[in-house]
Amino acid sequence: MLVVNRFRVPEGDERFRADLQRAHETLAARAGYVAGRIGRNVDDPTLWVLTTTWENVGAYRRALSSYDVKLDAVPVLSRALDEPSAYEPVDPGTVLNTGVPRSLG
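As the structure is a computational prediction, the values presented were derived from the model and not from experiment.

**Focus on the pattern of salt bridges**
All told, the structure shown has five salt bridges when counted by the stated rule. Ionic pairing is found between glutamate 83 and arginine 6, a salt bridge with its closest N-O pair at 2.6 Å. In this pair, glutamate 83 is assigned in the loop between helix H4 (74-77) and strand S4 (86-87) and arginine 6 in strand S1 (residues 2-8), connecting sequence segments 77 residues apart. The exposure class of glutamate 83 is partly exposed, given its relative accessible area of 31%. Given a relative accessible area of 30%, arginine 6 falls into the partly exposed group. Residue arginine 8 is joined to aspartate 44 by a salt bridge in which the shortest nitrogen-to-oxygen separation is 2.4 Å.

**Notes on the packing of aromatic side chains**
This model, assessed by the stated rule, comprises four aromatic pairs. On the numbers, 5.7 Å between centres and 70° between planes, the contact of phenylalanine 16 with tryptophan 48 is edge-to-face. Of this pair, phenylalanine 16 sits in helix H1 (residues 14-28) while tryptophan 48 sits in strand S3 (residues 47-54); the two residues are 32 residues apart in sequence, bridging distant segments of the chain. What makes phenylalanine 16 buried here is its relative accessible area of 1%. Using a relative accessible area of 13% as the deciding quantity, one classes tryptophan 48 as buried. Between the aromatic rings of tyrosine 33 and tryptophan 54, the centroid separation amounts to 5.5 Å while the plane-to-plane angle is 85°, which identifies the pairing as edge-to-face.

The rules behind the values
- Residues numbered from 1 in each chain as written.
- Predicted model: local features only at pLDDT ≥ 70, side-chain atom pairs only at ≥ 80, totals over all residues.
- Heavy atoms only, no water.
- Salt bridge = Lys/Arg side-chain N within 4 Å of Asp/Glu carboxyl O.
- Helix = DSSP H or I, 4+ residues; strand = E, 2+ residues; numbered from the N terminus.
- Buried < 20%, exposed > 50% of the residue type's maximum accessible area, 1.4 Å probe, protein only.
- Phe/Tyr/Trp six-rings, centres within 6.5 Å; stacked < 30°, edge-to-face > 60°.

Here it is, written out as structure tokens:
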């Protein structure tokens, strides 16, 4: 599972980079974390991104519910742009998720 969090950060906000790095380190310490990167847009330096890869959606959701992540990462993640952030890998032959209602029973 791939998670893409984009952020719009005012120029001069020197603290954001350190806060995002701490959030990434906290997420990286959780079970199911595979990889991640922090980036900044080359054309618009106010646009930042945190991408993380997880074994599966359950690992990511469990990570978000951990105390350390709630303390060190969620405050930064809450600053992300309001857009979908969870993506499924699309490899050749992969059966993709479908957008249909799921049964509760």
